Amino acid sequence: MVVGVAVIREGKVLAALRAGVDGGWEFPGGKVEAGETDEQAAARELAEELGLRIEVGSSLGLEEPIGEQYLLRVYAAQLVEGTPVLHEHADTRWVGAAELDGLDWLAPDRPFLAVLRALLRPS
Ligand SMILES: Nc1nc2c([nH]c(=O)n2[C@H]2C[C@H](O)[C@@H](COP(=O)(O)OP(=O)(O)OP(=O)(O)O)O2)c(=O)[nH]1
């Protein structure tokens, strides 16, 4: 299982740019380790990758395959403390609902965008 985290602050979500040839915009996070819950993995990865303290909330509800070995779940989270420090990513950006489709997301992430748009822009 891979967990991605949609950190939401003031109506925007934090997108992170994975560096390298297979790069693209993603939800920061990573693989869930043995003995860890999704939520623990999410909090650990956000501290390691970006130096952020978060409060992990609900899953966005979908699971999307990443290749043949992994599934991606994305969790909403609130920022408790910190500003993003780029330990592994090439860039980060706070993105509003209207700007979500303009980023070049990794393919497994795209189905989550509609759910996220509704969260960012409650009707
Ligand atoms: N973190 C993250 N990974 C994603 C997303 N979408 C997506 O396809 N992936 C892929 C990219 C990677 O192949 C894989 C995540 O692996 P990773 O290398 O970040 O995991 P990790 O931090 O635990 O690192 P490691 O096990 O390779 O040391 O999932 C996403 O939104 N967030």
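What you see is a predicted model, and the numbers here were worked out from it, not measured in a lab.

Draft legend 1. A look at the site of the ligand. Not every one of the 14 residues close to the ligand is listed here, only the nearest: Arg18, Phe27, Gly29, Lys31 and Asp109. Within the side chain of aspartate 109, a nitrogen or oxygen atom sits 2.4 Å from an oxygen atom of the ligand. Alone, the ligand offers 630 Å² of accessible surface; in the complex the protein occludes 69% of this. Those elements giving two or more residues to the shell around the ligand turn out to be strand 4 (29–31) and helix 1 (38–50). The leading source of residues in the shell around the ligand is strand 4, at 3 residues. Residue composition of the shell around the ligand, grouped by class: 6 nonpolar, 2 polar and 6 charged.

Draft legend 2. A look at the pairing of strand 7 (residues 70–81). The pairing of strand 1 (residues 2–9) with strand 7 spans 7 bridges and is classified as parallel. Along strand 7, the bridge assignment pairs isoleucine 8 with glutamine 78. Strand direction decides the pairing type here: strand 5 (residues 53–59) and strand 7, joined by 5 bridges, are antiparallel. In the strand pairing of strand 7, arginine 53 is matched with glutamate 81. Judged from the 3 bridges that link them, strand 6 (residues 64–66) and strand 7 form a sheet pairing that is antiparallel. Looking across to strand 7, one finds that isoleucine 66 is bridged to tyrosine 70. Between the antiparallel neighbours strand 6 and strand 7 lie 3 residues, among them glycine 67 with a positive phi of about 60 degrees.

Here is what the cut-offs are and how they apply
Residues numbered from 1 in each chain as written. Predicted model: local features only at pLDDT ≥ 70, side-chain atom pairs only at ≥ 80, totals over all residues. Heavy atoms only, no water. Near = heavy atom within 4 Å. Polar contact = N/O pair within 3.5 Å; in protein donor to acceptor, adjacent residues only side chain to side chain. Areas by Shrake-Rupley, 256 points an atom, 1.4 Å probe, with all protein chains shown as cover. Helix = DSSP H or I, 4+ residues; strand = E, 2+ residues; numbered from the N terminus. Nonpolar A, V, L, I, M, F, W, Y, C, P; charged D, E, K, R; others polar. Pairing = 2+ DSSP bridges.

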